[in-house]
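Structure at a glance
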Amino acid sequence: MSSLHFFQWLTHTPFSVYIRHSTWDFAVIEMFHLLGLAVLGGTILLIDLRLLGVGLRRQPVSRVASELLPVLLVSLAVMVISGALMVTAAPLKYYFNEWFRLKMICLAIAVAFYFTLHLKVVRSNEGLSASLLSKVAAVISLILWLGVGLAGRAIGFL
Amino acid sequence: MNFILHFCQWLNDLAISTAIRESPVLFPVIETIHVIAITLLVGTAAIVDLRLLGLVLKKEKVTDVVGQIEPLAWWGFGVLFISGTLLFLSEAEKSFSNPAFRFKLFLLCLAGLNPLIFHLTVYRRVNDWDTASKAPWQARATAIASLTLWAAIIVSGRAIAYFN
């Protein structure tokens, strides 16, 4: 099944029909997406700024990251679920929206990077100061996640 | 009330307000900065609140978490305040009568009072409970109030567009 077929199939599901015709449900789901964004963004900022030597400097990087991981995962799940529900309201509109496509690509790269190279870098930082490689990883992470956020905002402008 | 309305109308007609309102680029850019900056204030504050509730960063001292995150939150507040003011100026007259905007302003005052009370009262004795994973009930109440208020502020901020 191609992705276009999947999005077309989504359009005809009962949930899609339901949410398309309800005024408030979409707005409520969008609120959860925004709230999830605040927490996810805050967690990512705290970890990456820490790698850059800003914020929770008295704690080792690896400890900060491992203690914030549950919050990151829960807020990411809230965003993915609320995002998927919003797309279901008008699947083809999003499918053909170039900002949505860009956002999904950025999201895939950001998540892949965050849970592989970035994770490795964070875990290897058990001291108080981070290596140059770690700082580069932090900057890349911030740029990728910022890209996801900006592309997401741009969806609304098209 | 009439005085405030006239003041908002005056603000609405300032050169800077008109420039933002009539530019296809300025308003969206400032608004995007406003939304992204939420992560710097509310996101980091949420982590502090979760620490006070004993849910996250439990091995760290409260003073370490509060003291090191607060400067970041202030930066976030600064960006939100400036971008928010610019956004308000560009639609000052509409915002005056927008119920979502009025409610948001009211909540912002409460959200400012909450940490002030916290710092002046239970936080004064923080050395007694700095390393405890469970903070005194006043601290936990502050955290719940903070999380609730900021969530409501974000929601009413988003609702502004629905009432415009």
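Above this note sits the structure.
Every chain begins its residue count from 1, and numbering advances along the sequence as written. The naming scheme follows written order: chains are lettered A onward, ligands numbered 1 onward. It should be noted that, the model being predicted, local features are given only for residues of pLDDT at least 70 and side-chain atom pairs only at 80 or more, the latter also being counted only at that level, while totals for whole chains, interfaces and linings use all residues. Only hydrogens and water are set aside; all other atoms, that is, all heavy atoms of the structure, feed into the side-chain values.

Take the overall build of chain A next. A run of H or I in DSSP counts as a helix once it spans at least four residues, and a run of E counts as a strand once it spans at least two, with each numbered from the N terminus. Across its full length, chain A holds eight helices and zero strands. From first element to last, N terminus to C terminus, chain A shows the α and β order α-α-α-α-α-α-α-α. Each principal axis of the C-alpha distribution contributes one length, and for chain A these read about 55 × 30 × 25 Å. In what follows, residue pairs with any heavy atoms lying within 4.5 Å of each other are defined as contacts. Within chain A, contacts between residues at least 6 apart in sequence are counted, and of these 80% link residues at least 24 apart.

Looking now at the overall build of chain B. Per the secondary structure count, chain B includes eight helices and zero strands. Along chain B, from the amino end to the carboxyl end, the secondary structure elements read α-α-α-α-α-α-α-α. In terms of its C-alpha atoms, chain B occupies a principal-axis envelope of roughly 55 × 30 × 25 Å. Burial status follows relative accessibility: with a 1.4 Å probe on protein chains alone, a residue under 20% of its type maximum counts as buried, one over 50% as exposed, and anything between as partly exposed. Going through the 164 residues of chain B one by one, you find that 47% of them count as buried. Considering only contacts within chain B whose residues lie at least 6 apart along the sequence, 76% involve residues at least 24 apart. What sets the accessible areas is the Shrake-Rupley method with a 1.4 Å probe; for residues, cover comes only from the shown protein chains. For chain B, the accessible surface area stands at approximately 8,600 Å², while carbon and sulfur atoms represent 71% of it. Where the 13 positive side-chain charges of chain B centre and where its 11 negative ones centre are 9 Å apart. Positive charges come from Lys and Arg, negative ones from Asp and Glu, while His and the chain ends are left out of the count. The location of each charge is read from NZ of Lys, CZ of Arg, CG of Asp or CD of Glu.

Nonpolar side chains in soluble globular proteins tend to end up buried together. Core analysis: the largest hydrophobic core is formed by 48 residues, its most contacted members being Leu68 and Trp145 of chain A together with Ile47 and Trp129 of chain B. Per-element tally for this core: the top contributor is helix 4 (residues 61-89) of chain A, with eight residues. Leaving out residues up to four positions away in the same chain, Ile47 of chain B has contacts with Thr43, Leu46, Leu68 and Val71 of chain A together with Val56, Leu57 and Ile69 of chain B. Nine residue types can take part in a nonpolar core, namely buried Ala, Val, Leu, Ile, Met, Phe, Trp, Tyr and Cys, and a core is a set of them joined through side-chain atoms within 4.5 Å. Listed in part, the 15 residues of the second largest apolar core include Ala37, Ala73, Leu80 and Trp150 of chain B.

Residue and element names in this part refer to chain B. Between helix 6 (residues 99-120) and helix 8 (residues 137-163), the shortest axis-to-axis distance is 8 Å and the interhelical angle comes to 160 degrees. When the interaxial angle is binned, helix 6 and helix 8 end up roughly antiparallel. Between helix 6 and helix 8 lies a crossing of left-handed hand. Its residues assigned to classes, the contact of helix 6 with helix 8 comprises 18 nonpolar, five polar and one charged. An axis is simply a line fitted to the C-alpha atoms; with a helix, the fit covers only the stretch in contact. Between two such axes, the angle follows the N-to-C directions and lies from 0 to 180 degrees. Any angle that is under 35 degrees is reported as roughly parallel, and any over 145 degrees as roughly antiparallel; angles of 65 to 115 degrees are reported as roughly perpendicular and all others as oblique. Crossing handedness is read from the near helix: turned anticlockwise from the far helix by less than a right angle, it gives a left-handed crossing, and turned clockwise, a right-handed one. Charged means Asp, Glu, Lys or Arg here, nonpolar means Ala, Val, Leu, Ile, Met, Phe, Trp, Tyr, Cys or Pro, and polar covers whatever is left, Gly included.

To continue, consider the side chain of Ser16 of chain A. All names here are of chain A. Relative to the helices and strands, Ser16 resides in helix 2 (residues 14-21). Two N or O atoms count as a polar contact when they lie within 3.5 Å, although within protein this holds only if one can serve as hydrogen donor and the other as acceptor, and sequence-adjacent residues are included solely when both atoms are side-chain atoms. Side-chain polar atoms of Ser16 contact the side chain of Arg20, separated by 3.0 Å. A distance of 2.6 Å separates the side chain of Ser16 from the backbone oxygen of Thr88, its partner in a polar contact. Beyond its immediate chain neighbours, meaning those up to four positions away, Ser16 contacts Leu10, Thr11, Thr88, Ala89 and Pro91.

Contacts between the two partners involve 29 residues from chain B and, on the opposite side, 30 residues from chain A. The buried area of a pairing is the accessible area, by a 1.4 Å probe, that goes missing from both parts when the two are put together, added over both. Buried area between chain B and chain A, both sides added, is near 2,600 Å², and the carbon and sulfur share of it is 73%. Salt bridge, as applied in this entry: a Lys or Arg side-chain nitrogen positioned within 4 Å of an Asp or Glu carboxyl oxygen. Put simply, chain B and chain A have five salt bridges between them. Here chain B is connected to chain A by nine residue pairs in polar contact (both at pLDDT 80 or more). At the level of elements, helix 3 (26-52), helix 4 (62-90) and helix 8 of chain B are the ones that each hand at least two residues to the side of chain B that touches chain A.

With a phi angle near 55 degrees, Leu57 of chain B is a residue other than glycine that sits in the positive phi range. With respect to the element layout, Leu57 of chain B can be found in the loop between helix 3 and helix 4.

A surface patch of nonpolar side chains, about 710 Å² in accessible area, is lined by Trp24, Val28, Phe32, Val74 and Val78 of chain A together with Tyr162 and Phe163 of chain B. Top element by residues in the nonpolar patch is helix 3 (residues 23-51) of chain A. It accounts for three residues. Mapped onto the elements of the fold, Val74 of chain A is located in helix 4. Judged by its relative accessible area of 55%, Val74 of chain A falls in the exposed class. Each patch groups residues whose relative accessible area exceeds 30% and which form no salt bridge, using 9 Å between like charges and 5 Å between nonpolar side chains of Val, Leu, Ile, Met, Phe, Trp and Tyr.

This brings us to the packing of aromatic side chains. Aromatic rings from Phe, Tyr and Trp, taking only the six-membered ring of Trp, are treated as a pair when their centres fall within 6.5 Å; an angle between ring planes under 30 degrees marks them as stacked, one over 60 as edge-to-face, and anything in between as tilted. One pass over the structure, following the stated rule, counts 17 aromatic pairs over all chains. Taking the centre distance of 5.2 Å and the plane angle of 35 degrees together, the rings of Phe118 of chain B and Tyr123 of chain B count as tilted. Overall, Phe118 of chain B belongs to the buried group, its relative accessible area being 5%. Among the aromatic residues, ring-to-ring pairing joins Phe6, Phe7, Trp9, Tyr94, Tyr95, Phe96 and Phe100 of chain A into one connected group. Lysine and arginine charges are scored as sitting over a ring when NZ or CZ, respectively, is within 6 Å of the ring centre and within 35 degrees of the ring normal. The positively charged end of Arg101 of chain A is found above the aromatic ring belonging to Tyr95 of chain A, 4.7 Å away from the centroid.

Remember that the coordinates give geometry; whether it matters functionally is a separate question.
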